[in-house]
Amino acid sequence: MKTPSLDLQAWIAGLITLLGALFTIISLRLDNYKKEKLIMIESNRYKMITEFNVPVEMRDGTILRANIYRPEKNGEWPVLLSRLPYGKDTFAQPFLIQVPKAVQEGYVVIIQDTRGRFVSEGNWDPIPSFNQEVSDGYDTLEWISNLPYNSGRVGMFGLSYYAFTQWASALSSHSKTLQAIAPAFSWNDPYDGLMYRGGALELGLLTYWQMGMYLDTLPRHYSDQQELSKAMERLISDIDQLPRQIQSLPLKNYAPFTRTKVATSLIEVIKRGYMDHKFVDSLNLTNKLERLELPSLNIAGWYDIFLQGTLDNFVQMRNHRKSPKARNSQLIIGPWRHLDHGHHAGEVNFGLQANSTSIDLSEMQLRWFDHFLKKQDTGMLQEAPIQLFVMGENIWRDEYEWPLQRTEYIDFYLHSQGQANTLQGNGMLSLQPPEQEAPDHFIYDPLNPVPTMGGSHLMLPDFMDGPVDQREIESRDDVLVYTSSVLEEDVEVTGPVKVKLWAISSALDTDFVARLVDVFPDGTAINLTDGIIRTRFRDVNNGEEPSLLEPGKAYLYEIDLWSTSNLFKKGHRIRLDITSSSFPRWDRNPNTGHDFGVDGESDVIVAQQTILHDKEHSSSIVLPIIPRR
């Protein structure tokens, strides 16, 4: 019996896939999966044995089930493990390790449904489930260590959630067994890209992911098939109507939060708000990686929702104070999105060499594990620890540290004659600091937010992610546009980007969004990276408590745009867009000093925003310029 794929990649197929999933999920019976099956498949070297739904007992008696792919030949083999919540039977990603190839190369591959998912027992709810991953990872590694064909060395691989299960398993202290990991597209701080960003709720991501997880979880909450059928019909309807429903206020009336029986902990995250980090501490890797003594092959994408997390994980491992093994960690960054690792992202074709299959990431990972699990000198540790893709130039390049040591951080200052609104305005970027200039003004209306157009997000296919022409939203009067003169030579920007913004608001609390854009000679405006700051959280990273604004007072905000690597070619222009929303990627700020929240109000206030750029208030974007020789 085929089970519906919960790998998020399947969502791109849209409603047709979901309708098919409805039929198969309703007919699912978990007891059909309790029988282990054994098949043998010929490979070029020897037969591959496949065992389906092998039971693995956790310390509390819960049974998790795994598929095992192993050489039929007698012997002891290193093990490659992946623990995921999206269905082990539909396991597929373009750049992940190819199972038949790995077995042919002398590995056992084990893919396990995590607790409460598909054919594994237990209950699934995001925060409690994340809490469980450390102990479940330990118990799974302990089970592997007792398999008769296991050599005693295990590596783990996978992306996103099943990148996190690698970190969790590593933190479980089963260090004698787990020797190396290859986490791809992995967060570090859940309040910097997973749950929140700059104090704003990641509404689009949480909605998209949560509703996807219901497809498998919902049947566990209904014993009556008729009730289950009705619940699934509502779910399909809600997904179909999400672009409209996501506009609803307050959030307590939002369908994904009201019509289901699962994922209540996500609602609790929203209720508790941005400052309650303890509730999601199990997801937080910050300051925990110092305990690890194994190397990690980190894989990232310039347009991935967890780009900064992957970079932070790599830096923490590479700069590890105690473990030489951890300092062997490496990093690969392509022009990829979270669910697409090809050479075409959004509206940009980066060339075939950008495709993950072109550089054979699957083979790279096998080389990684050959080195640490088979103790073969594959030459990887003699190679540069970083391979990054420079967009614009569209080439791969080796580097040796992050950020790059040769970086020159240069301020590009905002200028205008007081009318930077829209593409037709007079906003400019230059290296010259401002003198006395009139400020720019725009109105932010939470009921008419600037729509999300491209970027590092993960939402329904209605909202394209990746690099997308920004001219449509740059034509709005509530978007300020600052553009450099035409470049007389190539300018490379590689590294962390931030904006220093002097601003005044009429509201007690509001948001500011900044976006770096590459403007082509024909006017096409391609987004590179962006960020947001919710103003009452402006100083929390400095240890200060949240505080409301004094309306009419100027404040300096630092907006983290994360990182990018792009060659602004001769004839192009550098652009910075400033506005107060990107919806529905981030939830709207009502400007009242209160959250919409699950129990919040639906009242909103229109904010009058002022951006300063004068001698006393020199707003700028700080770009990491790489000298070109």
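Here the structure is a predicted model, which is why all the values come from computation and not from measurement.

### Re the overall build of the protein
In step 1: Scanning the protein from N- to C-terminus turns up twelve helices and 26 strands.
In step 2: Burial statistics for the protein: of 629 residues in total, 63% are counted as buried.
In step 3: Pairs at least 24 apart in sequence give 76% of the contacts found in the protein among residues at least 6 apart.
In step 4: Only carbon and sulfur atoms are counted for the fraction: they give 48% of the accessible area of the protein, which is about 23800 Å².

### Let's talk about the confidence of the model for the protein
In step 1: In the predicted model, the protein carries a mean pLDDT of 89, and 89% of its residues have values of at least 70.
In step 2: Confidence drops under pLDDT 50 across residues 1-44; counting only partners more than four residues distant or on other chains, this segment forms 100 contacts.

### Let's talk about the pairing of strand 5 (residues 108-113)
In step 1: Burial analysis of strand 5 places six of its six residues in the buried class, which makes it a mostly covered element.
In step 2: Neither face of strand 5 is exposed, since Val108, Ile110 and Gln112 on one face and Val109, Ile111 and Asp113 on the opposite face are all buried.
In step 3: In this sheet, strand 5 lies alongside strand 3 (residues 63-71) in antiparallel orientation, the contact comprising four bridges. Following the sheet pairing, Ile68 is matched in strand 5 by Ile110.
In step 4: As defined by bridge partners, strand 4 (residues 77-84) adjoins strand 5 across six bridges and the pair is classed as parallel. When the sheet's bridge partners are listed, Leu81 is paired in strand 5 with Ile110.

### As for the packing of aromatic side chains
In step 1: Summed over the entire model, instances satisfying the criterion amount to 21 aromatic pairs.
In step 2: Arranged with centres 6.2 Å apart and planes meeting at 40°, the rings of Trp302 and Trp402 form a pair that is tilted. Taken together, the residues Trp302 in strand 10 (residues 297-303) and Trp402 in the loop between strand 15 (395-399) and strand 16 (408-415) connect sequence positions 100 residues apart.
In step 3: Note on Trp302: relative accessible area 1%, which makes it buried.
In step 4: Within the aromatic cluster, the residues linked to one another by ring pairs are Tyr86, Trp124, Phe130, Tyr161, Tyr162, Phe164, Trp187, Trp209 and Phe306.
In step 5: Geometry around Trp562 places Arg197 over its ring, the cationic atom sitting 3.7 Å from the centre.
In step 6: Over the ring of Phe583 we find Arg588, and its NZ or CZ is 4.2 Å from the ring centre.

### Quick look at the side chain of Ser129
In step 1: The residue Ser129 is located in helix 3 (residues 126-145) in this model.
In step 2: Sequence-distant contacts of Ser129, defined by excluding residues within four places in its chain, comprise Asn123, Trp124 and Tyr161.

### Side note on the pairing of strand 19 (residues 480-483)
In step 1: Burial of strand 19 is two-sided: the residues Leu480 and Tyr482 facing one way and the residues Val481 and Thr483 facing the other way are all buried.
In step 2: Pairing of strand 19 with strand 24 (residues 573-579) involves four bridges; the strand directions are antiparallel. Bridging across to strand 24, Tyr482 finds its partner in Leu576.

### Remarks on the packing of helix 3 against helix 9 (residues 264-272)
Packed helix pairs are characterised by how far apart their axes lie and by the angle those axes make with each other.
In step 1: Relative orientation of the contacting elements helix 3 and helix 9 amounts to 105°, with a least axis distance of 6 Å. When the axes of helix 3 and helix 9 are compared, the pair comes out roughly perpendicular. Of the residues in helix 9, those touching helix 3 at Pro126, Ile127 and Pro128 are Ser265, Leu266 and Val269.
In step 2: Classifying every residue of the contact of helix 3 with helix 9 gives five nonpolar, one polar and no charged.

### Thoughts on the pattern of salt bridges
In step 1: Per the stated rule, a full pass over the model turns up 33 salt bridges.
In step 2: Among the salt bridges present, the one from Asp192 reaches Arg197, with a minimum N-O distance of 3.9 Å.
In step 3: Among the residues examined, Arg197 registers a relative accessible area of 2% and is labelled buried.
In step 4: One salt-bridge network, in which partners are shared between bridges, spans Glu393, Arg397, Glu399, Arg406, Glu492 and Arg628.

### Comments concerning the side chain of Arg337
In step 1: Among the structural elements, Arg337 can be located in strand 11 (residues 330-337).
In step 2: Given the relative accessible area of 14%, Arg337 is considered buried.
In step 3: A distance of 2.6 Å separates polar atoms of two side chains, one belonging to Arg337 and the other to Asp340.

### Quick word on the nonpolar core
In step 1: Leu80, Val109, Ile110, Met195 and Phe369 are the most contacted members of the largest nonpolar core, which has 111 residues in total.
In step 2: Looking at which element gives the most residues to this core, the answer is helix 5 (residues 203-217), with nine residues.
In step 3: If we skip the residues at most four places from it in the chain, Met195 touches Ile127, Pro190, Ala200, Leu201, Glu202, Leu206, Leu266, Val269 and Leu283.
In step 4: Core analysis: the second largest hydrophobic core is formed by 58 residues, Leu307, Phe350, Ala514 and Leu576 among them.

### Topic: the packing of helix 3 against helix 4 (residues 161-171)
In step 1: At a minimum axis distance of 8 Å, the contact between helix 3 and helix 4 shows a crossing angle of 65°. Between helix 3 and helix 4 lies a crossing of right-handed hand. The residues of helix 4 that touch helix 3, namely those facing Ser129, Phe130, Glu133, Val134, Gly137 and Leu141, are Tyr161, Phe164, Thr165, Ala168, Ser169 and Leu171.
In step 2: Grouping the amino acids of the contact of helix 3 with helix 4 by side-chain chemistry returns seven nonpolar, four polar and one charged.

### Details of unusual backbone geometry
In step 1: For the bond from Trp402 to Pro403, the omega torsion is -10°, close enough to zero to count as cis.
In step 2: Considering the arrangement of structural elements, one finds Pro403 in the loop between strand 15 and strand 16.
In step 3: Here the residue pair Phe583 and Pro584 is connected by a cis peptide bond, since its omega of 15° sits within 30 degrees of zero.
In step 4: The topology assignment puts Pro584 in the loop between strand 24 and strand 25 (607-612).
In step 5: Residue Phe118 is not a glycine yet carries a positive backbone phi of 50°.
In step 6: The phi angle at Asn591 is positive, at roughly 70°, despite the residue not being glycine.
In step 7: By secondary structure assignment, the location of Asn591 is in the loop between strand 24 and strand 25.
In step 8: For Asn591, a relative accessible area of 1% puts it in the buried group.

Thresholds, definitions, all that
- Residues numbered from 1 in each chain as written.
- Predicted model: local features only at pLDDT ≥ 70, side-chain atom pairs only at ≥ 80, totals over all residues.
- Heavy atoms only, no water.
- Helix = DSSP H or I, 4+ residues; strand = E, 2+ residues; numbered from the N terminus.
- Buried < 20%, exposed > 50% of the residue type's maximum accessible area, 1.4 Å probe, protein only.
- Contact = heavy atoms within 4.5 Å.
- Areas by Shrake-Rupley, 256 points an atom, 1.4 Å probe, with all protein chains shown as cover.
- pLDDT = per-residue confidence, 0-100.
- Pairing = 2+ DSSP bridges.
- Phe/Tyr/Trp six-rings, centres within 6.5 Å; stacked < 30°, edge-to-face > 60°.
- Lys NZ or Arg CZ within 6 Å of the ring centre and 35° of its normal.
- Axes fitted to C-alpha atoms, helices over the stretch in contact; angles between N-to-C directions.
- Parallel < 35°, antiparallel > 145°, perpendicular 65-115°, else oblique.
- Nonpolar A, V, L, I, M, F, W, Y, C, P; charged D, E, K, R; others polar.
- Salt bridge = Lys/Arg side-chain N within 4 Å of Asp/Glu carboxyl O.
- Polar contact = N/O pair within 3.5 Å; in protein donor to acceptor, adjacent residues only side chain to side chain.
- Core = buried A, V, L, I, M, F, W, Y, C linked by side-chain atoms within 4.5 Å.
- Left-handed = near helix turned anticlockwise from the far one by under 90°.

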